[in-house]
Amino acid sequence: MGTGTTGGTSEPEWVGLPGGLLTLRRLLLVIWMTVLTALTAVVLGLTAGPAWAAVGALWLGVLVWGWVLLGRNWRSWRYTERADDLLISRGVLWREQTVVPYGRMQLVEVTSGPLERRFGLASVQLHTAAAATDAKIPGLVPAEAERLRDRLSALGEAKSAGL
């Protein structure tokens, strides 16, 4: 299956997300599920009796389930730079592919919140004229995010100049 933009029949080279994003999301999951387990156990233990405190363990089941789902979701994220556009693919049950033509990009942002900075991550946000086509690539290494921002900005300027 050809990419439709390179003129060749080779498959695009997909790039996955670094493992730091998965680590961050799983750490947040563990923290929240631990807090909810303890809170539920204490509240039910004090109000309904010690036997009801075991209901707090349900959050541990959510932890296991979420751990698996986060891994599957993380593996589903990937992107590739093609000749005329950027292709972003994500999703496990509902697959979603976003194609952002370089000539339609108006703004490329690199953002990094406090937790992302702590884990050495940054996100690239692409803005186009149509709000529905805005795309985001989360959890990149900051150097890769900056490289991608600079490359996409340059390609966007070059492609839009021909319009």
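Computed from a predicted model, the values in this text were never measured in an experiment.

> What is the right way to look at the overall build of the chain in this model?
On a plain count of helices and strands, the chain comes out with four helices and seven strands. In the chain, buried positions account for 33% of the 163 residues. Within the chain, contacts between residues at least 6 apart in sequence are counted, and of these 47% link residues at least 24 apart. If you sum the accessible surface of the chain, you get close to 9700 Å²; carbon and sulfur atoms cover 64% of it.

> Teacher, can you tell me more about the sheet that holds strand S6 (residues 122-128) here?
Strand-to-strand pairing in sheets goes through backbone hydrogen bonds, with the strands running parallel or antiparallel. Across the sheet, three strands lie side by side as S5-S6-S7; this open sheet has antiparallel pairing. Edge strands, defined here as strands with exactly one partner in the open sheet, are strand S5 (105-111) and strand S7 (135-140). If you compare each strand with its neighbour and ignore which way they point, the axes differ by 15 degrees on average. Judged from the four bridges that link them, S6 and S7 form a sheet pairing that is antiparallel. Opposite Gln-125, over in S7, you have Lys-136 as the bridge partner.

> It is not clear to me how the environment of Leu-121 should be interpreted in this structure. Could you clarify?
With respect to the helices and strands, the residue Leu-121 is situated in the loop between helix H3 (114-118) and S6. Since its relative accessible area comes to 2%, Leu-121 is described here as buried. Between the C-alpha atom of Leu-121 and that of Pro-142, which follows or precedes it by 21 residues, the distance is 5.7 Å. Not counting chain neighbours up to four residues away, the residues in contact with Leu-121 comprise Gly-20, Leu-21, Leu-24, Ser-112, Glu-116, Gly-139, Leu-140 and Pro-142.

> Got a minute to help me understand the packing of helix H1 (residues 19-47) against helix H2 (residues 58-76) in this structure?
Think of two packed helices as two axes; the pair is described by the angle between the axes and how far apart they sit. The interhelical angle for the contact between H1 and H2, taken along N-to-C directions, is 165 degrees, at an axis separation of 9 Å. In terms of their interaxial angle, H1 and H2 are classed as roughly antiparallel. Relative to H2, H1 is oriented so that their crossing is right-handed. Here H1 contributes Gly-19, Leu-21, Leu-22, Arg-25, Arg-26, Leu-29, Val-30, Met-33, Leu-36, Thr-37 and Thr-40 to the contact with H2, which in turn contributes Trp-59, Leu-60, Val-62, Leu-63, Gly-66, Trp-67, Leu-70, Gly-71, Asn-73 and Trp-74. Here the contact of H1 with H2 is composed, by residue class, of 13 nonpolar, six polar and two charged.

> Explanation requested: H1 in the structure shown.
Turn by turn, an α-helix covers 3.6 residues, leaving residues three or four places apart pointing in a common direction. Given a rise of 1.5 Å per residue, 29 residues ought to cover 42 Å, and the 42 Å separating the end C-alpha atoms of H1 matches this to within 8%. Buried residues in H1 make contact with H2, H3 and S7. Among the residues trailing H1, Gly-49 stands out with phi positive, at a value near 115 degrees.

Thresholds applied
- Residues numbered from 1 in each chain as written.
- Predicted model: local features only at pLDDT ≥ 70, side-chain atom pairs only at ≥ 80, totals over all residues.
- Heavy atoms only, no water.
- Helix = DSSP H or I, 4+ residues; strand = E, 2+ residues; numbered from the N terminus.
- Buried < 20%, exposed > 50% of the residue type's maximum accessible area, 1.4 Å probe, protein only.
- Contact = heavy atoms within 4.5 Å.
- Areas by Shrake-Rupley, 256 points an atom, 1.4 Å probe, with all protein chains shown as cover.
- Pairing = 2+ DSSP bridges.
- Axes fitted to C-alpha atoms, helices over the stretch in contact; angles between N-to-C directions.
- Parallel < 35°, antiparallel > 145°, perpendicular 65-115°, else oblique.
- Left-handed = near helix turned anticlockwise from the far one by under 90°.
- Nonpolar A, V, L, I, M, F, W, Y, C, P; charged D, E, K, R; others polar.
- Expected span 1.5 Å × (residues − 1).

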